[in-house]
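# Fold and geometry: a report
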Amino acid sequence: MTRISMTTIAASLALICGATSAFAHAQLEKATPAVGGTVAGPSEIRLEFSEGVEPKFSKVSVAGPAGAVSLGAAKTEPSNQAVLIVPISKPLSAGVYKVHWQAVSVDTHHTQGTFEFTVKP
Amino acid sequence: MRTPEIRLTAGAFAGAAAALWLTPAFPHAVCGSRIFPTTLAIDDPGVTDELTLPAVNWLPKNSDGVQELDIGGEWAKTIFPNFAISVGSGATWLHPGGFGWDSVETEAKYQFMCIPQLEFMASAGFSVEWGGSATGSQIGEPNMYSPVLDVGLGFGALPQSLNLMRPFAITGEISTTTPGQAVWGEEMFPTAFNWGFSLQYSLPYYNANVSEIGNEFLKHLIPTVEFAFSTPTAHAEEGTWGTTGAIQPGVVYMADKWQIAVEAMIPINGPSGHGAGVVASLDLFLDDIFPNTIGKPIFSQTLPMFTGAR
């Protein structure tokens, strides 16, 4: 930027800091079962993102000792669009499970990640 | 960008789904599960809508042996999702030496590769420092032309048995700087080969992919160390042919829509400076703050990019 005046800088920062209706790409903040955690027998995968996500365009898959795990349809929590919930159709046997998720935030930014959790016997 | 009302209209989902997956947005330097932060000594390998303001650089003694303070900024604007132009400048205070505005620098940058499963991305750029735009103590340089190559590789593809290594990432940059005129006034301006790299350990990546971090502050940190060097290849004055550079250990705090980076700047030898300095910047992710207006590419069509997909 050429010759930025302090007035311009101040105005720009005020404009940016004052924005309230913006969205960002969704980063995974917390998961249940926890990333790298050990649990008894989860009935759902709950992913808490930093931003709202579109359940129609977001994907979650889980693979375990017996192969791919059957999952229900992904949906967001009614009161919080940043929480994606995926029901697990059948009880999981003991072992290590890998979760792969792809999220599309409400402003169409894509993010993805992979983590493991363990179901104890 | 569609409004929520349009996006939720029955019957529009099929078309929207196709559009979403075929024309993804590329915020910051994101490739697969990896988000490369903006670093200070070398550029990140991505293309983005971003405002760096301010970028501050303080050296107790620079290569000329005088105290230096620089405060500048840069604005990067995407023309296409993977092609951006940027413009930056700043002010410099030298003690002794006085004040001056630095040359305006412009760059065109094209991200031509992102292989998500490998967390590998690369971009090529061309930057120009417009010598005639400097003022005061910064007057006296010709235009400088620099083709640049930036790459980044996350370690997320490592096996789960090396889980603790997966948050690591490296980025690298090579460029050459060629003056428009090797002799300008009574000074010689060398052609130089510039090279650098960064090593990063992403705690946001650790939290999302390896093991949960309970502390809200820690899980946004990316400890980083950067290495940046420059070696003259032509037209250097006698006694200035050696490599100069700095090692910069520091940390990045990455939030959703902004980041702050702070690093020490340790010169590698006497010609690079004396004593440790400090460099810092605030980066605002305009694509996340204003996704529907100035943070959005002017044209939605992505230029050819290698993704490794068949």
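A brief report on the enclosed structure follows. (Residues numbered from 1 in each chain as written. Chains lettered and ligands numbered in written order. Predicted model: local features only at pLDDT ≥ 70, side-chain atom pairs only at ≥ 80, totals over all residues. Heavy atoms only, no water.)

## A word on the environment of E238 of chain B
Residues and elements named next belong to chain B. Definition in use: A run of H or I in DSSP becomes a helix once it reaches four residues, and a run of E becomes a strand once it reaches two; helices and strands are each numbered from the N terminus. When a residue's accessible area, from a 1.4 Å probe over protein chains only, is under 20% of the maximum for its type it is buried; when over 50% it is exposed; and in between it is partly exposed.
Along the chain, E238 falls in the loop between β14 (221-234) and β15 (244-254). With relative accessibility at 81%, the residue E238 sits in the exposed group. Considered as a pair, E238 and T224 are 14 residues apart in the sequence and their alpha carbons are 35 Å apart.

## Section: the pairing of strand β17 (residues 277-285) of chain B
Heads up, the rule is: Note on pairing: DSSP must find at least two bridges between two strands before they are called paired.
Relative to β17 of chain B, strand β3 (residues 50-59) of chain B runs antiparallel, the two being bridged by seven bridges. Residue pairing for β17 of chain B: T52 of chain B is matched across the bridge by D283 of chain B.

## Some points on unusual backbone geometry
Glycine aside, residues mostly have negative phi angles, and peptide bonds mostly take the trans form. With an omega dihedral of 0 degrees, the bond running from T32 of chain A to P33 of chain A counts as a cis peptide bond. Relative to the helices and strands, P33 of chain A is located in the loop between β1 (28-32) and β2 (38-39). Omega for the bond connecting H95 of chain B with P96 of chain B falls within 30 degrees of zero, at 0 degrees, which places this linkage in the cis form. With respect to the secondary-structure elements, P96 of chain B resides in the loop between β5 (83-95) and β6 (98-101). At E119 of chain B, a residue that is not glycine, the phi angle is positive and equals roughly 55 degrees. Here E119 of chain B is to be found in the loop between β7 (104-115) and β8 (120-130). Phi is positive for H235 of chain B, close to 60 degrees, though the residue is something other than glycine. Within the secondary structure, H235 of chain B is located in the loop between β14 and β15. What makes H235 of chain B partly exposed here is its relative accessible area of 40%.

## Describing the side chain of S58 of chain A
Residues and elements named next belong to chain A. Going by this rule: Pairing of N or O atoms within 3.5 Å defines a polar contact, subject to two protein rules: one partner must be a possible hydrogen donor and the other a possible acceptor, and residues neighboring in sequence count only if both atoms are side-chain atoms. By the convention used here, residues are in contact when the closest approach between their heavy atoms is within 4.5 Å.
Assignment of secondary structure puts S58 in the loop between β3 (44-49) and β4 (59-64). Within the structure, the side chain of S58 is placed 2.8 Å from the backbone oxygen of E54, a separation counted as a polar contact. Every residue in contact with S58, bar those within four places of it in the chain, is listed here: V53, L84, Q102, A103 and V104.

## Section: the sheet that holds strand β9 (residues 110-119) of chain A
All names here are of chain A. Taken together, the five strands give an open sheet; going across it, the order is β2-β9-β8-β4-β5, and neighbouring strands pair in mixed fashion. The strands lining the two open edges of the sheet, one partner per strand, are β2 and β5 (67-68). The pairing of β4 with β5 spans two bridges and is antiparallel. Note that in β5 the partner of G64 across the bridge is G67.

## Structural notes on the sheet that holds strand β6 (residues 75-77) of chain A
Hydrogen bonds between backbone groups are what pair the strands of a sheet, and the pairing can be parallel or antiparallel. Residue and element names in this part refer to chain A. For the record, the criterion: Here the axes come from fitting lines to C-alpha atoms, over the contacting stretch only for helices, and the angles between their N-to-C directions go from 0 to 180 degrees.
Taken in spatial order, the four strands make up an open sheet running β1-β3-β7-β6, and their pairing is antiparallel. Of all the strands in the sheet, the pair left with one neighbour each is β1 and β6. Across the sheet, the mean angle from the axis of one strand to that of its neighbour is 30 degrees, orientation sign disregarded. Two elements, β3 and strand β7 (residues 80-87), share five bridges in a ladder whose sense is antiparallel. When the bridges of β7 are listed, I45 appears paired with V86.

## Describing the pairing of β3 of chain A
Residues and elements named next belong to chain A. Only one face of β3 is covered, namely the one carrying I45, L47 and F49; the face carrying E44, R46 and E48 has none of its residues buried. Bridge analysis of β1 against β3 gives four bridges, and the strand direction is antiparallel. Opposite K30, over in β3, you have E48 as the bridge partner.

## What about the nonpolar core?
Let me state the cut-off plainly: As used in this record, nonpolar core signifies buried Ala, Val, Leu, Ile, Met, Phe, Trp, Tyr and Cys residues forming a set joined through side-chain atoms within 4.5 Å.
One finds L28, I45, L47, F49, W101, F115 and F117 of chain A to be the most contacted residues of the largest nonpolar core, which totals 24 residues. At the level of secondary structure, the elements contributing two or more residues to this core comprise β1, β3, β4, β7, β8 (95-104) and β9 of chain A. Per element, the largest residue contribution to this core is four residues, and it comes from β8 of chain A. Residues contacting F115 of chain A, with those up to four places away along its chain left out, are L28, A31, P33, A34, V35, L47, Y97, K98, V99 and W101 of chain A together with A208 and N209 of chain B.

## Quick look at a nonpolar patch on the surface
Residues and elements named next belong to chain B. Convention followed: Patches were defined on residues exceeding 30% relative accessible area and lacking a salt bridge, with like-charge contacts within 9 Å and nonpolar side-chain contacts (Val, Leu, Ile, Met, Phe, Trp, Tyr) within 5 Å. Using a 1.4 Å probe, accessible areas were evaluated by the Shrake-Rupley method; residue-level cover was limited to the displayed protein chains. Salt bridges are identified by distance alone: a Lys or Arg side-chain nitrogen within 4 Å of an Asp or Glu carboxyl oxygen.
A surface patch of nonpolar side chains, amounting to about 400 Å² of accessible area, comprises W58, W258, I260, V262 and V278. In terms of residue count, strand β16 (residues 258-267) provides more of the nonpolar patch than any other element does, three residues in total. Residue placement: W58 occurs in strand β3.

## Digging into the pattern of salt bridges
Pairing is possible between side chains of opposite charge, provided their charged atoms come close. For the structure on display, the rule yields 10 salt bridges over all chains. Of the charged contacts, one joins R46 of chain A and E48 of chain A as a salt bridge, the two residues approaching to 3.5 Å between their closest N and O atoms. For R46 of chain A, a relative accessible area of 21% puts it in the partly exposed group. By relative accessible area, E48 of chain A is classed as partly exposed at 22%. Across the pair E51 of chain A and K257 of chain B runs a salt bridge, and its minimum N-O distance is 3.4 Å. With E51 of chain A in the loop between β3 and β4 and K257 of chain B in the loop between β15 and β16, this pair bridges two chains. Take K257 of chain B: its relative accessible area is 24%, and that puts it in the partly exposed class.

## Some thoughts on the packing of aromatic side chains
Residue and element names in this part refer to chain B. Condition: Centres within 6.5 Å are what make two rings of Phe, Tyr or Trp a pair, Trp counting through its six-membered ring; a difference in plane orientation under 30 degrees is then read as stacked, over 60 as edge-to-face, and the rest as tilted. Whether a charge sits over a ring comes down to the Lys NZ or Arg CZ being within 6 Å of the ring centre and within 35 degrees of the ring normal.
Per the stated rule, a full pass over the model turns up 13 aromatic pairs over all chains. With 6.3 Å between their ring centres and 50 degrees between their planes, F155 and F168 make a pair best called tilted. A residue pair is termed long-range when its members are at least 10 positions apart, and F155 in the loop between β9 (144-154) and β10 (168-179) and F168 in strand β10 qualify at 13 residues. Residue classification places F155 among the partly exposed residues on the basis of a relative accessible area of 22%. Ring centres of F197 and F227 lie 4.6 Å apart, and the angle between their planes is 20 degrees; this geometry places the pair in the stacked category. Note that F197 is positioned in strand β13 (residues 191-201) and F227 in strand β14, a separation of 30 residues in sequence. These aromatic residues form a ring-pair network of at least three members: F80, F83 and F299. Sitting over the face of the ring of Y205, R34 holds its NZ or CZ atom 3.9 Å from the ring centroid.

Note that every value here comes from positions in space, so none of it alone points to a role or purpose.
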